[in-house]
Structure formats: structure tokens, C-alpha cells
Amino acid sequence: MRTFLLPDLGEGLTDAELVNWLVAEGDTIAVDQPVAEVETAKSLVEVPSPYAGIVETLHGAAGESIDVGKPLISVRTTAVAGVPEPAPAADAKAAAPSSADAAGEAYRQEERAGSGNVLIGYGTPGGHGINRRTRPPRRTAGSAVPVASAVRAAPAVSAVPAASAALAGPVSDMSPASDLSRSAVATLEAPRCISPLVRKLARDAGLLLRNLDGSGPDGLVLRRDVERAIAGTTEMLPADTAVRTAAPAGSAPAEGTDPRSGLAVTGRTPVRGLRRTVAANLSASRSEIPEATVWVDVDATALLDLRAGLKRRDPENTPGLMAFLARFVLAGLRRFPELNTRYVPNPDGDAELVSFDGVNLGFAAQTDRGLMVPSIRHAEKLSARELDAEIRRLTASARSGAATPAELTSGTFTLNNYGVFGVDGSAAIINYPESAILGIGRIIDKPWVVDGELAVRKLTELTLVFDHRVCDGGTAGGFLRYVADAIENPGSVLADL
């Protein structure tokens, strides 16, 4: 029996919500077959099984939260191949590891396998020492085995070279091996790689993990090993990816009366997954950032006329208004780079302003799973048409749940089009830990004075919320005025694009 513990899915998180089982108890599964969908802070992730065999136990139901290091699925591997279960270790003093030890060992091995993309609001837990075992621990039938231990202490037969097998412990501690080939065993247990993100990276590149030499402890395959193999491969066969949307979590019925309002309580909805992360980020932004807000009304008639003319000439390749606005914002950040910095306090009480070589431009996207902010990496290098293509791609990816943690957490400045909700303005909350967010309201017909005469023009409102620690009002006002002037007279910024 092999029990797969939920690993840290490469994001430094402590738990994940089980969205959906992709297998059922009694099903026969293969190595690397996705067995469950889990929702982390912002991503919907398919978790593959490192074992082949028959599903014995599913540890949890859809909608439940599972801690990292806790059992996810138990697989009966040896029954598939007709190999008897291994005998317990000869050393009677060796005791089965506690659940806490198992969780810690799985977490430590996962960290060495390439975790570390820590999401906003979470940090990689510390205090985990590296306790290397020189022999497989004794365990009782049906007990959970940490993933890393299951790989190192291979029962009956070993699918790894003799040098690696020596690290797993004396062969005399295990039952005699049956005469199975390495390829046969490879179908029962996965190669030495326990990070789902590393496994997916290899699968998308068409690489077999069993053919890679791991540079980690005991031959563990790390992210850098896969990336090195990809760099040396001339032909890659990306795997098909299925687009799935997480089912919304429903409210649990509740009874009783609210003591404050006196009203009957009709339901209680746990705050977890994406909503919990959003709540933590908003709270951190409001409590840590001394924000200030400036706004201005803008005549967007000239920009709309420009886009209409382009659309008449080339209706299929005309960028949207967000792409033009993004291009103006990027030009403005070149003149006022302070708004593209980050205020970082130090433990000793001091602080520093971190500047960046480029702009990762985030934009707010409303999805069925909540508000997300995917970012365009090095947006300053892209034209308006290229920005438009990236905005469309990332919006679709975020709404389908396929956006990666890196795409959702790497922004340095955010653009927010709340005009799609039919509102004029908003005192937005800065996307922590960034330093500014620019919002644009709806574009509507309003009376406006042009050359001393009243006219009906296309008006909108720009609102800039900024961290007052990184710059003063003059910088914020200068940036906002620059973007407003670009919208009112697009030709005036051609030299800066």
C-alpha cells in the first residue's frame, strides 16, 4: 500500500481545497495520471499520482480543505503486479513515523524538489530541519508513508541504480526481491520526483522523468533538471491541457440567531481558497500602505476616433482601448518610474525602495472564481497590438483557471478597468505589495467645453491610488496628467512609444 501525501504545490502554501476527484475507489490508475483537482490560493491544479495500481482510499471529499503533508490518496500498488507486500524492517526499535514527521518529511523533500513560488500573503514555513534517514523506517500494514521515504526505501525491488539504492538502507531489512525488470517496476512507482509542477513541466515538454538524471538528494529530479533537459531538446511535444472551471463552493446551512442583529442565520460559507487569499491581500494593503488618491476627468473623444479609424481599415487587428491605455501607462512609468517601485521594510526597522528593470503590468480580470490580477511580463517591450493579444490570452487563462501562480503574482503595477461595471470612479485598493493602481471608469457622453464652446464629448475618469511612501503628490499628479494628455491627444505621445 502506498499513501500519497499532499505536497506543497510549488507555492509555499499550507493547505489546498479539494475541488473534485478525477478517480474513484477501486479504479486502476497509472503513474502521473491526474487523480484530483485542488484549488490553491489562486490556481486550479491537477495533482498526478506518483504510483500505479488500484485506488484503495480517497482521503477527503470535494469541498474539504487538506493540509500539506496529510494523506490525499492510498494506492495498492503491489497487488497489480502480483508482488507480495514487503516485510517490516528487522530493527524492532524502529517505530512508524508520526503524522507530523511524515508531513514534515514530505514538505522538506518538496522544498528540495523546487518549491518556492510563495504567493502574496503566505510565506514558506520555517523551522524544518533536514533529518536524513539511513534506513527505511519500520511501518505497520496500512500506515501512511511519506512520498520521499516511499521513493528512497523501495520495497521488494528497486527501480533506481545501486548507488541510490544504497542510500535507502540495507537490503537485508526488506523481503527478498522478485525477479522483475526495471521497466516493470517503473510502471508501479514514479521516478524520483514528487513536485507536481516539475512533473507537469516535463510532461508538457514530452520528457520522461525516468530518463532524467536528478541532481537533488538521492537522485531527486528537480525543476532545474527538467529545464536543462528542455534546453537540450530540439523537438518538444506539448501535452494537451484540459480547461476546467472550479465548481463554486456552496453555503452550508446553519441554525440559530445572530446576537447582534437578532436575525435568523440562514448559512455560513467558509472563507478559503481564492477568497481567503484576496481577503488577506486587501487587509494587508489597507493596514500597511499609506495610500493617497488623485483623479481627473478626461476627454477620450480623440482616442475613440483614432481607434474607429483603425478599425475601419483593419477590423481584425485593431487593439482594444485597454491595450492603448496600457501603452500610455507604460510610457508614463518610463517618465515616473517611482510608481513602479516597491517599498520593502527591513527587520531592523529600516526600509528600502526596490526598483525593477522593466514593468510587469497587471490588470484586473473578473472571473467566476473571483477577482484575479494576471500580469504581462516585460510589458514595456510590447506594442499596442502585442499588449492586446496578451490581455486577451491572460484573461481567458484566468477565467478558465489555467493561469499559473507566476502569472497571477508577479505584477509591479496594476491597471483596472472598472468602467465595465457601469461606474465612473473608484477608490481602489492597491494590489499588495505593489505601489500604485490606475483605474478608468465608463466612457459616456457629457457636456464639455472645447475652444470656448459647449460640446458633447466622450468623457471618462482616471483615478490613481498610490503608496505615499514611494513618491509625493507631484510625481503622482505628473504621471496621471501624462496619461490623461495621451488619451486626449494620442499623437502627442508618439515620440515616447
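This text follows the structure it describes.
Residues numbered from 1 in each chain as written. Predicted model: local features only at pLDDT ≥ 70, side-chain atom pairs only at ≥ 80, totals over all residues. Heavy atoms only, no water.

How should I be thinking about the environment of phenylalanine 421 in this particular structure?
Tracing the chain through its elements places phenylalanine 421 in the loop between strand 18 (413-417) and strand 19 (436-440). In this structure phenylalanine 421 comes out as exposed when scored by relative accessible area, which is 55%. Spatially, the C-alpha atom of phenylalanine 421 lies 7.9 Å from that of arginine 442, the residues being 21 residues apart in sequence. (Helix = DSSP H or I, 4+ residues; strand = E, 2+ residues; numbered from the N terminus. Buried < 20%, exposed > 50% of the residue type's maximum accessible area, 1.4 Å probe, protein only.)

Help me out: how do you make sense of the nonpolar core in this one?
Among soluble globular proteins, nonpolar side chains are generally buried collectively. Grouped together as the largest cluster of nonpolar side chains are 46 residues, with contacts concentrated most on Phe413, Leu438, Leu462 and Phe479. At the level of secondary structure, the elements contributing two or more residues to this core comprise strand 11 (291-299), helix 10 (321-335), strand 14 (361-363), helix 11 (384-400), strand 18, strand 19, strand 21 (453-467) and helix 13 (473-488). Among the elements that make up this core, the one with the highest residue count is helix 10 (ten residues). Membership of the second largest hydrophobic core comes to 19 residues, among which are Val35, Val47, Val55 and Val75. (Core = buried A, V, L, I, M, F, W, Y, C linked by side-chain atoms within 4.5 Å.)

I keep staring at the packing of aromatic side chains and nothing clicks. Help me out?
Scanning the entire structure with this criterion turns up one aromatic pair. Look at phenylalanine 413 and phenylalanine 479: their rings are 5.7 Å apart centre to centre, the planes differ by 65 degrees, and that puts the pair in the edge-to-face class. On the criterion of sequence distance, the pair formed by phenylalanine 413 in strand 18 and phenylalanine 479 in helix 13 is long-range, its members being 66 residues apart. On the basis of relative accessible area, phenylalanine 413 is assigned to the buried category, the value being 0%. On the basis of relative accessibility, which here comes to 0%, the residue phenylalanine 479 falls in the buried class. (Phe/Tyr/Trp six-rings, centres within 6.5 Å; stacked < 30°, edge-to-face > 60°.)

Help me understand unusual backbone geometry in this model?
Note: most peptide bonds trans; most residues except glycine with negative phi. Cis geometry is adopted by the peptide bond preceding proline 433, which originates at tyrosine 432 and carries an omega value of 5 degrees. Inspection of the secondary structure assignment puts proline 433 in the loop between strand 18 and strand 19. Within the chain, aspartate 32 stands out as a residue other than glycine whose phi angle is a positive 75 degrees. You can see aspartate 32 is positioned in the loop between strand 3 (28-29) and strand 4 (34-39). Look at histidine 378: it is not a glycine, yet its phi comes out positive at around 50 degrees. Mapped onto the elements, histidine 378 comes out in the loop between strand 17 (375-376) and helix 11.

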